[in-house]
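In case you want the letters, here they are:
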Amino acid sequence: MDQTTPPDEYDRHVLARMTDFFTLDGLPWPRRLWDIGSLLALEELHEAGAWERQHVLSTAAVDWQRGELSRIVGPDVGLGAKDLRREVTTLLRSPLPDPSPARRRLLELIHHARPGYMRRWATAAALPEADRPRPERLARMVAAHLLDLGYDATYLLNWAEGLSRRNASATDVVDAAVALDEAPPKHFAVLAAFASSPEQSIAQKQSAWLGAREVSAWLTARGHSPAGLRGGGGFLFHVVARDPYGAAARVRLLLDRLVARSSYLRSARDGIKPYERMWVDGHPTPIPIASPARGADLVSLVKEEHLYQVDGTRSLIDDALELAAPINRGAVGPAVAGAWAAVESLLSHPDDPRPEGAGKAVAADRLAAIIACAWPRAELTALAHHHRPVPPDALAQEIKACTTNRDRSHAVAAALVGGQSLVFAKKKTQAARVDSDRAAMDRMRVVLAEPRKSLAEATKTFTIAMRRLYRMRNIVLHGGSTHSVAMDAALRIAAPLLGAGLDRLTHGLLTEGIEPLALAARAEIALQLVEGETGLSVVDLLGPRSAQTSR
């Protein structure tokens, strides 16, 4: 590749979106990854048969999962163009109970689909411009597959940023993804030191234990400073992972188990206390012990100045926010259980119709509708704030004169419908954000051109994510397990979406006094009426109709 050749718009779109998907801190929910990859989804379906046999998941839930997966994997070029695709789609048309010949065939198909999956996407990316996949879809499928493989988002972000600095083309990006896909997992040694380790005599009997002097010597030999480590030794864990950050993530899980066990000690109730960082052999810098937040953000708590208002009567929202609090950094079990408890408490009702075996999945559907209705306004508002031409154009002046985000969103929507392109800051340090903004502008043009179709597709995507969270909750609470193949991915996808939904529910209650179920009804109706004879705009899907008619 000629390193001096600037990438074209397609290439920039692919890299910008992959950078978005791997960014953990500060990225708004509309720009995050909204689904898992096809291979992991097929594995999840295979696993669901076992949970169905144990009555942890209902037949209706698994049948719904299978039906939606059939629709999703159809256009996935990674699953081949002929024989392999035909076999997959044929299997997904019928139930896959455990045990059954069909379920055994599904597992074999997964084994056949995995080798070469990313190479098939590379072939598609190298096609002539008119035949290659849309850049948004290419970026989503490649990013989801790499994350599903077990690569850590921080590692992949560094990888994507390196490709961006080299002006990599889309084909270069997918070729590099092929190399990651085909690389085997590695063995890592990870040191976790303890500030406090009660009953240390028991720890000393473990082969992985290092005393205080051994910890210091290990760090010094690898160029790390042991300064500030005054405690009771540590464990040198040996794990298999895709990258150093993934190795650290595996050790976090082991530490969570140790800390949980130590909480049962009769004395020393504070238990085991690891230091704030760990060290991966061969990695140049220590890695935080604390897990990165999963991206559930509620901006309305600050915007409506409700963050510190805890006196007075408790509302359903107050209880829900406490239930869902583990979603960002909590252990998998409490995060899944608490998140779904929050959703169910707000968006289900005893009088809800319940198709046989569906349980309370209607709460997931309602939350998905709310999130879909929040999406256009959230994205258009961000674009309004990032439109900064020099000198300011008429649109920039109109945006500046607006007093609400609703008005700013309307201004941007009108400009995009009229064919105008937004102009974003061109500072070198903001190049990645500029390309991300351009990709968002392209998505909003599609939404504004075909609002019902676009919002229906988004609603379906969010519904799949929320129903997956519901299934994971059943596996945790009724199956007593946190080891589903899709558990981590389900949280990764659901957390930002849950945050967006809770944010809109909180905002509605604080500013308008509208109850969660009423807001869900408003969202469901809005998705049917948008841009129809009532004149409902994509900007106003969650707003009160009385306020919209005044515009």
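The structure this text deals with has already been given above.
In this numbering scheme, every chain counts its residues from 1 along its sequence in written order. Local features in this predicted model are restricted to residues of pLDDT 70 or higher, and side-chain atom pairs are both shown and tallied only at a pLDDT of 80 or more, whereas totals for entire chains, interfaces and linings draw on every residue. Water and hydrogen atoms play no part in the side-chain values, which are based on all heavy atoms of the structure.

Asks: What exactly am I supposed to notice about the overall build of the chain here?
Replies: If you tally the helices and strands in the chain, you get 23 helices and five strands. Seen along its three principal axes, the alpha-carbon backbone of the chain occupies a region of about 75 × 65 × 55 Å. A total of 551 residues make up the chain; the buried ones form 51% of that total. Residue contacts are defined here by distance: any two heavy atoms, one from each residue, within 4.5 Å place the two residues in contact. Here the contacts in the chain between residues at least 6 apart in sequence split such that 74% fall between residues at least 24 apart. On the chain, roughly 26,200 Å² of surface is accessible, and the fraction owed to carbon and sulfur atoms is 54%. Note that His is not counted, nor are the chain ends; the positive residues are Lys and Arg, and the negative ones are Asp and Glu. Every charge is mapped to an atom, namely NZ of Lys, CZ of Arg, CG of Asp or CD of Glu. Within the chain, one finds 68 positive and 64 negative side-chain charges whose respective centroids are separated by 3 Å. Here a strand is any run of E in DSSP of at least two residues, a helix any run of H or I of at least four, and the numbering for each starts at the N terminus. Remark: exposure states derive from per-residue accessible area (1.4 Å probe, protein chains only) relative to the maximum for the residue type, with buried under 20%, exposed over 50%, and partly exposed in between. Using the Shrake-Rupley algorithm and a 1.4 Å probe, accessible areas are obtained, with residue cover drawn only from the displayed protein chains.

Asks: How should I be thinking about the pairing of strand β1 (residues 186–196) in this particular structure?
Replies: Looking down a regular strand, the side chains alternate between one sheet face and the other. In this scheme, strands are said to pair when DSSP sees at least two bridges between them. One ladder, built from eight bridges, connects β1 with strand β3 (residues 234–241); its direction is antiparallel. If you follow H187 over to β3, its bridge partner there is V240. One ladder, built from five bridges, connects β1 with strand β4 (residues 273–280); its direction is antiparallel. Directly across from F194, in β4, lies its bridge partner P274.

Asks: I tried to follow helix α5 (residues 101–113) on my own but got confused; where do I start?
Replies: Since the α-helix advances by 3.6 residues per turn, residues separated by three or four positions end up pointing in the same direction. One less than the residue count of a helix, multiplied by 1.5 Å, gives the span that helix is expected to have. A rise of 1.5 Å per residue sets the reference length of α5, with its 13 residues, at 18 Å; its end C-alpha atoms lie 18 Å apart and thus fit the reference within 8%. In the core, the buried residues of α5 are packed alongside α2 (38–53), α4 (83–91) and α6 (117–125).

Asks: Would you mind going over the sheet that holds strand β5 (residues 287–288) with me for this structure?
Replies: Backbone hydrogen bonds are what pair the strands of a sheet, in a parallel or an antiparallel way. Reading across the sheet, the five strands line up as β2-β3-β1-β4-β5 and stay open at both edges, with antiparallel pairing between neighbours. Both edges of this open sheet fall to β2 (209–210) and β5, since each of them pairs with a single strand only. In this description, a line fitted to the C-alpha atoms serves as the axis of each element, helices being fitted only across the stretch in contact, and the angle between N-to-C directions of two axes falls anywhere from 0 to 180 degrees. Helix α12 (residues 244–262) contacts β1, β3, β4 and β5 of the sheet and is inclined by roughly 130° relative to β3.

Asks: When you look at the nonpolar core in this model, what are you seeing that I'm missing?
Replies: Nonpolar side chains tend toward joint burial in soluble globular proteins. We define the nonpolar core as a collection of buried residues of types Ala, Val, Leu, Ile, Met, Phe, Trp, Tyr and Cys that are connected through side-chain atoms lying within 4.5 Å of one another. Ranked by internal contacts, the top residues of the largest apolar core, which has 142 residues, are F22, W29, L138, W159, F462, L497 and L505. It is helix α16 (residues 361–386) that contributes the most residues to this core, 15 residues altogether. Each residue touching L138, except ones within four places of it in the same chain, is listed here: Y10, V14, W121, A125, P133, A170 and V174. In terms of nonpolar packing, the next biggest core, distinct from the first, is built from 20 residues, F188, L255, I272 and M278 among them.

Asks: Even after reading the chapter, I still don't get the pairing of β3, so can you show me in this structure?
Replies: For β3, a buried count of six out of eight residues is recorded, marking the element as mostly surrounded by other parts of the structure. Summarising the sheet, β2 and β3 pair through two bridges and their orientation is antiparallel. Of the residues in β3, the one forming a bridge with L210 is G234.

Asks: I keep staring at the packing of aromatic side chains and nothing clicks. Help me out?
Replies: Each pair of aromatic rings is reported with the distance of its centres and the angle of its planes. Two aromatic rings from Phe, Tyr or Trp, using only the six-membered ring of Trp, form a pair when their centres are within 6.5 Å; if the ring planes differ by under 30 degrees the pair is stacked, by over 60 it is edge-to-face, and anything between is tilted. Across all of its chains, the model carries ten aromatic pairs by this definition. Aromatic pair W29 and F462: ring centres 6.3 Å apart, planes at 65°, arrangement edge-to-face. With W29 in the loop between α1 (9–22) and α2 and F462 in helix α20 (residues 451–477), this pair connects stretches of sequence that are 433 residues apart. For W29, a relative accessible area of 15% translates into the label buried. One aromatic cluster in this structure is built from W29, W34, W375 and F462. Two conditions define a charge sitting above a ring: the NZ of Lys or the CZ of Arg must be within 6 Å of the ring centre, and it must be within 35 degrees of the ring normal. Of note, R140 hangs over the ring of W34, and the distance from its end group to the ring centre comes to 4.9 Å. Looking at R467, its charged tip hangs above the ring of W64, at a distance of 4.3 Å from the centre.

Asks: Looking at this structure, how should I read the side chain of S436?
Replies: Position of S436 among the secondary structure elements: in helix α19 (residues 431–449). Among the residues examined, S436 registers a relative accessible area of 3% and is labelled buried. Setting aside residues up to four positions removed in sequence, S436 forms contacts with A16, D20 and R31.

Asks: For this particular structure, what's the right way to read a nonpolar patch on the surface?
Replies: Together, V302, L307 and Y308 make up a nonpolar patch on the protein surface, roughly 390 Å² of accessible area in all. For Y308, the location among the structural elements is in the loop between α13 (300–303) and α14 (316–324). Relative accessible area serves as the criterion here: at 75%, Y308 is assigned to the exposed category. By definition, no residue in a patch forms a salt bridge, and every one has over 30% relative accessible area; like charges are joined within 9 Å, nonpolar side chains (Val, Leu, Ile, Met, Phe, Trp, Tyr) within 5 Å. Should a side-chain nitrogen of Lys or Arg be within 4 Å of a carboxyl oxygen of Asp or Glu, the pair is scored as a salt bridge.

Asks: How do you make sense of unusual backbone geometry when you look at a structure like this?
Replies: Excluding glycine, a negative phi dihedral is what most residues carry, and trans is how most peptide bonds are arranged. A cis amide bond links D98 with the next residue in sequence, P99, at an omega value of 0°. Considering the arrangement of structural elements, one finds P99 in the loop between α4 and α5. At the junction of V390 and P391, the peptide bond is cis and its omega measures out at -5° in the coordinates. Within the secondary structure layout, P391 lies in the loop between α16 and α17 (394–401). Even without being a glycine, H55 presents a positive backbone phi close to 65°.

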